[in-house]
Amino acid sequence: MMRVVIVDAGGANTGSVRYAFERLDIDAALVTDAASIRGADRVILPGVGTAAQVMTRLQQLDLVEVLRTLERPLLGICVGMQLLFESSDEGDVAGLGLLPGRVSRLRGGPGLRVPHMGWSTLRATRADALVDGIDGAQAYFVHSFAAPVTDDCVLAGDHGQAFAAAVRRGRIAGTQFHPERSAAVGARVLRNFLSPAFEA
């Protein structure tokens, strides 16, 4: 049985993330301790709110170094994905530094409100096991800040500017969109993350 844990980073979406795994017949435990995280087969880092709030929560739980040195596949969701990067303009906070780059505020534009909220199209930037079968689909977003499109980007979104909608570097992965709120597309991404092909 695959052991999946969800880091309780204080976000309001932890329950819905857990339920998304239940729909895949996976009992994902909500955890705050280093031993459970290091002993898991897959680790999920969800986040809702600000980068500073989630990072402060991880510091209070003494989990920053645990996540930085984790040898298991890690999936960040929304703010959890943003914290995979070196830093964020949101509160000028340092992230986990697992991916190079800085998260910045969306510029928006004529007719484009920030936060970017709702369903948007995903565009594959390169083939990857995380996003197999996803190109051209739509996913659900709620965010005001976003990561740049770099070599680690596997899906791009657009809201007046291109941004990283999903990233992957080795065992480190993330989605800016909410897979737990993205119906079949979200379920496909989670299944891809759980698949042995993710580690191939």
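Residues numbered from 1 in each chain as written. Predicted model: local features only at pLDDT ≥ 70, side-chain atom pairs only at ≥ 80, totals over all residues. Heavy atoms only, no water.

Q: Can you walk me through the overall build of the protein chain in this structure?
A: Along the backbone of the protein chain there are six helices and 14 strands. Here the protein chain has a C-alpha radius of gyration of 15 Å; the compact-globule value for 200 residues is 16 Å, and the two agree. Across its three principal axes, the protein chain shows a C-alpha extent of roughly 50 × 35 × 30 Å. For the protein chain, restricting intrachain contacts to residue pairs at least 6 apart in sequence, the fraction spanning at least 24 positions comes to 68%. (Helix = DSSP H or I, 4+ residues; strand = E, 2+ residues; numbered from the N terminus. Rg over C-alpha atoms; globule rule 2.2 N^0.38 Å. Contact = heavy atoms within 4.5 Å.)

Q: In this structure, what is going on with unusual backbone geometry? I would like to understand it.
A: Among all residues except glycine, the phi angle is most often negative; among peptide bonds, the trans geometry is most common. At the junction of Val-114 and Pro-115, the peptide bond is cis and its omega measures out at 15° in the coordinates. Tracing the backbone through its elements, the reader meets Pro-115 in the loop between strand E7 (99-105) and strand E8 (116-121). Unlike most non-glycine residues, Asp-62 shows phi in positive territory, near 60°. Secondary-structure assignment places Asp-62 in the loop between helix H3 (51-60) and helix H4 (64-68). Given a relative accessible area of 63%, Asp-62 falls into the exposed group. Non-glycine residue Asp-92 carries a positive phi angle of around 50°. Topologically, Asp-92 is positioned in the loop between strand E5 (85-88) and strand E6 (93-94). What makes Asp-92 exposed here is its relative accessible area of 58%. (Buried < 20%, exposed > 50% of the residue type's maximum accessible area, 1.4 Å probe, protein only.)

Q: Help me out: how do you make sense of the sheet that holds E6 in this one?
A: Whenever strands of a sheet pair, they do so through backbone hydrogen bonds, lying parallel or antiparallel. One open sheet holds the four strands; their spatial order is E6-E5-E7-E11, and the pairing between them is mixed. The open sheet has two edge strands with one neighbour each: E6 and strand E11 (145-146). (Pairing = 2+ DSSP bridges.)

Q: What exactly am I supposed to notice about the side chain of Asp-152 here?
A: For Asp-152, the position within the fold is in the loop between E11 and strand E12 (153-158). Within the local environment of Asp-152, its side chain forms a polar contact with the side chain of Arg-169, the two groups lying 2.9 Å apart. Among residues more than four places away in sequence, those in contact with Asp-152 are Leu-99, Pro-100, Arg-126, Ala-166, Val-167, Arg-168 and Arg-169. (Polar contact = N/O pair within 3.5 Å; in protein donor to acceptor, adjacent residues only side chain to side chain.)

Q: Looking at this model, I keep getting lost on the state of the cysteines. Mind explaining?
A: What is meant by a disulfide is a covalent connection between two cysteines, made through their sulfur atoms. Inspection of the entire model under this criterion finds zero disulfides. Cysteine Cys-78 shares no disulfide, and the gap to the nearest cysteine sulfur, in Cys-153, comes to 15 Å. Cys-78 gets classed as buried once you look at its relative accessible area, which sits at 4%. Taking the relative accessible area as the measure of exposure, Cys-153 reaches 2% and is therefore buried. (Disulfide = S-S within 2.5 Å.)

Q: How should the pairing of strand E3 (residues 42-45) be read in this particular structure?
A: Residues of E3 alternate between two faces, with Arg-42 and Ile-44 on one and Val-43 and Leu-45 on the opposite face, all of them buried. In the sheet, strand E1 (residues 4-7) pairs with E3 via three bridges, with the strands oriented parallel. Bridge pairing in E3 places Val-4 opposite Arg-42. When E3 meets strand E4 (residues 74-77), the two strands line up parallel, connected through three bridges. When the sheet's bridge partners are listed, Val-43 is paired in E4 with Leu-74.

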